[in-house]
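Structural features, examined
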Amino acid sequence: MRDTNEMEVIFDSCSSNEGFARVAVASFMTQLNPTVEEVADVKTAVSEAVTNSIIHGYEQEIHKISVKCRIDKGVFMVTVKDTGKGIEDVEQAMMPMYTTKPELDRSGMGFAFMEAFMDKVEVESVPGEGTTVRMEKTIGKGRSLWTTQSL
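Here's the deal with the overall build of the chain
When you go through the chain residue by residue, the secondary structure sums to 5 helices and 5 strands. Listed N to C, the secondary structure of the chain is β-α-α-β-β-α-α-β-β-α in terms of helices and strands. Classification of the 151 residues of the chain by burial places 43% in the buried group. For the chain, long-range pairs separated by at least 24 residues make up 65% of all intrachain contacts whose partners lie at least 6 apart in sequence. Counting every atom, the chain has about 8,500 Å² of accessible surface; 52% of that belongs to carbon and sulfur.

Written out as structure tokens, the structure is:
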């Protein structure tokens with residue numbers, strides 16, 4: 001297997017495509033032989049990022065969302081990008097329970113979930129231009145330790 005590999009999908013910002021993004025990312029990461037838990041973690045984080053683009057970035061209007069994945073020596077990287085309205089205060093937006101859409105029963109836990117399930121989360125946003133969420137997760141971390149201990 002090559003040490004690096006990349007893919008990108010671009011799709012409309014309709015909520016039915018959130019599931020597509022999850023499956024596309026999960027399919028791509030299977031080449032790393034992830035555990036079921038690792039796949040679930042990444043799918044949850046991607047789901048939250050895509051949902052944020054749909055609900056907050058585009059406010060339910062149909063535009064494009066880009067999801068790029070890169071594998072580099074066991075590190076899985078995923079970038080979710082929109083060209084929506086952007087985030088005024090990224091630090092505030094990343095606070096657990098903070099939401100700009102309480103009327104839609106938004107919990108304000110999207111970024112908290114991303115940070116809980118991924119090893120690294122970076123958010124760049126420019127009001128009026130859009131938001132880019134970059135996430136990383138090392139796949140197979142601790143697997144070799146478990147294998148040697150079980151022998």
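Further notes follow.
Notes on the pairing of strand β5 (residues 130-138)
Of the strand pairs in this sheet, strand β3 (residues 75-82) and β5 are connected by 8 bridges, and their pairing is antiparallel. Note that in β5 the partner of Val80 across the bridge is Val133. Here strand β4 (residues 120-126) folds back onto β5 in antiparallel fashion, the turn holding 3 residues, of which Gly128 has a positive phi close to 85°.

Topic: the nonpolar core
Grouped together as the largest cluster of nonpolar side chains are 37 residues, with contacts concentrated most on Val25, Val50, Val67, Phe76, Val78 and Met135. By residue number, the principal contributor to this core is helix α2 (residues 36-57), which donates 7 residues. Excluding residues that lie within four positions of it along the chain, Val67 makes contacts with Met7, Glu8, Val9, Phe11, Val25, Val50, Val78, Thr79 and Val80.

Notes on the confidence of the model for the chain
Of the residues in the chain, 83% have a pLDDT of 70 or more, and the chain-wide mean is 87. Across residues 145-151 the pLDDT falls below 50, and counting only partners more than four positions away or on other chains, this stretch makes 0 contacts in the model.

Quick word on unusual backbone geometry
The phi dihedral of Gln60 falls on the positive side, at around 75°, and the residue is not glycine. You can see Gln60 is positioned in the loop between α2 and β2 (64-72). Looking at Gln60, the relative accessible area reads 48%, which means it is partly exposed. The phi dihedral of Lys73 falls on the positive side, at around 50°, and the residue is not glycine.

About the criteria used
- Residues numbered from 1 in each chain as written.
- Predicted model: local features only at pLDDT ≥ 70, side-chain atom pairs only at ≥ 80, totals over all residues.
- Heavy atoms only, no water.
- Helix = DSSP H or I, 4+ residues; strand = E, 2+ residues; numbered from the N terminus.
- Buried < 20%, exposed > 50% of the residue type's maximum accessible area, 1.4 Å probe, protein only.
- Contact = heavy atoms within 4.5 Å.
- Areas by Shrake-Rupley, 256 points an atom, 1.4 Å probe, with all protein chains shown as cover.
- Pairing = 2+ DSSP bridges.
- Core = buried A, V, L, I, M, F, W, Y, C linked by side-chain atoms within 4.5 Å.
- pLDDT = per-residue confidence, 0-100.

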